[in-house]
Amino acid sequence: MDYAIEVRNLTKRYKDFTLDQVSFALPGGTIMGLIGENGAGKSTLINAILGITDSRSDLTAMLGMDVKTHGKLIRQDVAAIFSDSHFDTGLTPKIIGHILSKVYPSWDSALFSSYLERFSLPEKRKIRTFSTGMRVKLEFAAALSHHPKLLILDEATSGLDPVSRDEILDILREFTEDEDHAVLLSSHITSDLDKVADYIAFLHKGRMQFVESCDGLRSDYGIITCGQQLFDALSPDDIAAYRKEPYSYRVLIRNRSKVRRVFQDVAIENASIEDIMLFSVKGEKADTDNRKGESVK
C-alpha cells in the first residue's frame, strides 16, 4: 500500500462555501495533521472522504481502493472518530463490545478489554455517567479494537485533558509503527501535531494551501524580528508572510538556510505549526514588485 488516502481535485459546493479542487496523499506508516481555521473545510473534507457527504473528484481512494466502488470493503479497515461520541448513552462498554463484535469480523474482544482497563473505563457503567474525556477514550478503544489500518480523527482529542491527550498521542505513534497503518488527524491543538505529525496539510477557505513534511517545515521556515532596513533587504521570495508591529516587523521566512547564509548575525526563531498557520491567515505577503503588503486573507 503506497497511500492510505489519495485525493485528487475533490470539490464540494454549498451555497456559501466551496471545497475547491483539494488534492493530497497520505503515505502509509505516517500521521498527517490537517489544520485550518474554523470554517476552512476540514470537516467537509473528512466527510467527503468517508462518503458521508457527496462530492466530485478525479479520485478518492483509501487503502489503495476507490471509495465509490469499494466502500463496504474499505469500511472494515477504517475507523473514524469525531469530537462528539456517537454511542447511545444508555449502553455500557460491555454491550457496545458485544454489538461491535457482530459488525466487524476482525473484532478483538481481548484487545477491547485491555483498552478499557488501560483507560480506566468500567465496562458495566452506562455511558451517560461518563465524563467527556471518558467518552472520547471509549471511542478510541472501540475504534482500535477491530484492527483498522486507517484512523481518521476529526477534533477527536479536543475533549481530553493534556495527560490523556498525551496518552492518545503515544497510541497513535504505536499504531503507525506498522507501515500499513496511517492516521489523518484534524486538530486545532497544533502543539499535538508538533509532537506526532509527519506531514501537515493546511486548508484555508476551502483551498489546500500546502502539504509538507514536518521535517521540511521545521528546517525551511523560521521567524525574524527586524527593523525596516533589514526588512527591505530581505528577498520577497524568502518572505512567506509578515506582520507589521509598532516598531518592527515579524517575518515568517522560508529558505531558512539561505537567509542565514546572507544574514549571518540575524537571530532566526523556530516556527511552530501554529506560527505558520497564523502568519499565513493573518499576515501579509511581500509584493515582489514594490514590497507593499498584500493581505493573504
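If you're wondering where the values come from, they're calculated on a predicted model, not measured in any experiment.

(A) Molecular detail of the sheet that holds strand β1 (residues 3–13). Taken in spatial order, the four strands make up an open sheet running β2-β1-β4-β5, and their pairing is antiparallel. Every interior strand has two partners, whereas the edge strands, β2 (18–27) and β5 (65–66), have only one. Pairing between β1 and β2: seven bridges, direction antiparallel. Along β2, the bridge assignment pairs Val 7 with Phe 24.

(B) Quick peek at the nonpolar core. Residues Leu 138, Phe 140, Leu 151, Leu 153, Leu 172 and Ile 200 are the most contacted members of the largest nonpolar core, which totals 54 residues. Top element by residues in this core is helix α5 (residues 132–144). It accounts for eight residues. Non-local contacts of Leu 138, meaning those with residues more than four positions away in its chain, are made with Phe 87, Pro 93, Ile 96, Phe 112, Leu 116, Leu 121, Ile 127 and Phe 130. The next biggest cluster of nonpolar side chains, apart from the first, holds 30 residues, and it includes Phe 17, Ala 48, Ala 182 and Leu 203.

(C) Region of interest: the pairing of strand β8 (residues 182–186). Here β8 lies mainly inside the structure; five of its five residues are buried. Here β8 shows no split at all, with Ala 182, Leu 184 and Ser 186 on one side and Val 183 and Leu 185 on the other all buried. Bridge count between strand β3 (residues 31–35) and β8: four bridges; the pairing is parallel. Looking across to β8, one finds that Gly 33 is bridged to Leu 185. As paired elements, strand β7 (residues 150–154) and β8 share five bridges and run parallel to each other. By the bridge assignment for β8, Leu 151 is matched with Val 183.

(D) Representation of the packing of helix α4 (residues 109–118) against α5 within the structure. Between α4 and α5, whose axes approach to 9 Å, the crossing angle comes to 160°. By the criterion of interaxial angle, the relationship of α4 to α5 is roughly antiparallel. The crossing of α4 and α5 is right-handed. Of the residues in α5, those in contact with Leu 111, Phe 112, Tyr 115 and Leu 116 of α4 are Leu 138, Ala 141, Ala 142 and Leu 144. Its residues placed into classes, the contact of α4 with α5 shows eight nonpolar, no polar and no charged.

(E) How the structure looks around the sheet that holds β3. Across the sheet, which stays open at both edges, the six strands sit in the order β6-β7-β8-β3-β9-β10 with mixed pairing between neighbours. Since the sheet does not close on itself, it has two edges, and those belong to β6 (78–82) and β10 (207–213), each with one partner. Geometrically, the sheet is characterised by an average inter-axis angle of 15° between neighbouring strands, direction not taken into account. Strand direction decides the pairing type here: β6 and β7, joined by five bridges, are parallel. Opposite Ile 81, over in β7, you have Leu 153 as the bridge partner.

(F) Broad picture of the side chain of Ser 187. Within the secondary structure, Ser 187 is located in the loop between β8 and α7 (190–196). In this structure the side chain of Ser 187 is engaged in a polar contact, spanning 2.9 Å, whose partner is the backbone nitrogen of Ile 189. With sequence-adjacent residues up to four places away left out, Ser 187 is seen in contact with Leu 34, Ile 35, Glu 155, Thr 157 and Leu 193.

(G) Just a nonpolar patch on the surface, in detail. A grouping of Ile 95, Ile 99 and Val 103 is seen on the molecular surface, where their side chains present a nonpolar patch of about 230 Å² in accessible area. Residue classification places Ile 99 among the partly exposed positions, given a relative accessible area of 40%.

(H) Here's a closer look at the confidence of the model for the chain. On average, the chain scores 91 in pLDDT, and the residues at 70 or more come to 96%. Contacts from residues 290–297, a stretch scored under 50 in pLDDT, to residues over four places away or in other chains number 26 contacts.

(I) Representation of unusual backbone geometry. Phi angles above zero are rare outside glycine, and Asn 9 is one such case at about 55°. The topology assignment puts Asn 9 in strand β1.

(J) How the structure looks around the environment of Arg 254. Inspection of the secondary structure assignment puts Arg 254 in the loop between β13 (249–253) and α10 (256–262). Distance from Arg 254 to Leu 100, taken between C-alpha atoms, is 48 Å for residues 154 residues apart in sequence. Look past the residues within four positions of Arg 254 in its chain and what remains in contact with it is Asp 220, Tyr 221, Pro 236, Asp 237, Asp 238, Ile 239, Ala 240 and Val 259.

Rules and cut-offs
Residues numbered from 1 in each chain as written. Predicted model: local features only at pLDDT ≥ 70, side-chain atom pairs only at ≥ 80, totals over all residues. Heavy atoms only, no water. Pairing = 2+ DSSP bridges. Helix = DSSP H or I, 4+ residues; strand = E, 2+ residues; numbered from the N terminus. Core = buried A, V, L, I, M, F, W, Y, C linked by side-chain atoms within 4.5 Å. Buried < 20%, exposed > 50% of the residue type's maximum accessible area, 1.4 Å probe, protein only. Contact = heavy atoms within 4.5 Å. Axes fitted to C-alpha atoms, helices over the stretch in contact; angles between N-to-C directions. Parallel < 35°, antiparallel > 145°, perpendicular 65-115°, else oblique. Left-handed = near helix turned anticlockwise from the far one by under 90°. Nonpolar A, V, L, I, M, F, W, Y, C, P; charged D, E, K, R; others polar. Polar contact = N/O pair within 3.5 Å; in protein donor to acceptor, adjacent residues only side chain to side chain. Patch = residues over 30% accessible without salt bridge, like charges linked within 9 Å, V, L, I, M, F, W, Y side chains within 5 Å. Areas by Shrake-Rupley, 256 points an atom, 1.4 Å probe, with all protein chains shown as cover. Salt bridge = Lys/Arg side-chain N within 4 Å of Asp/Glu carboxyl O. pLDDT = per-residue confidence, 0-100.

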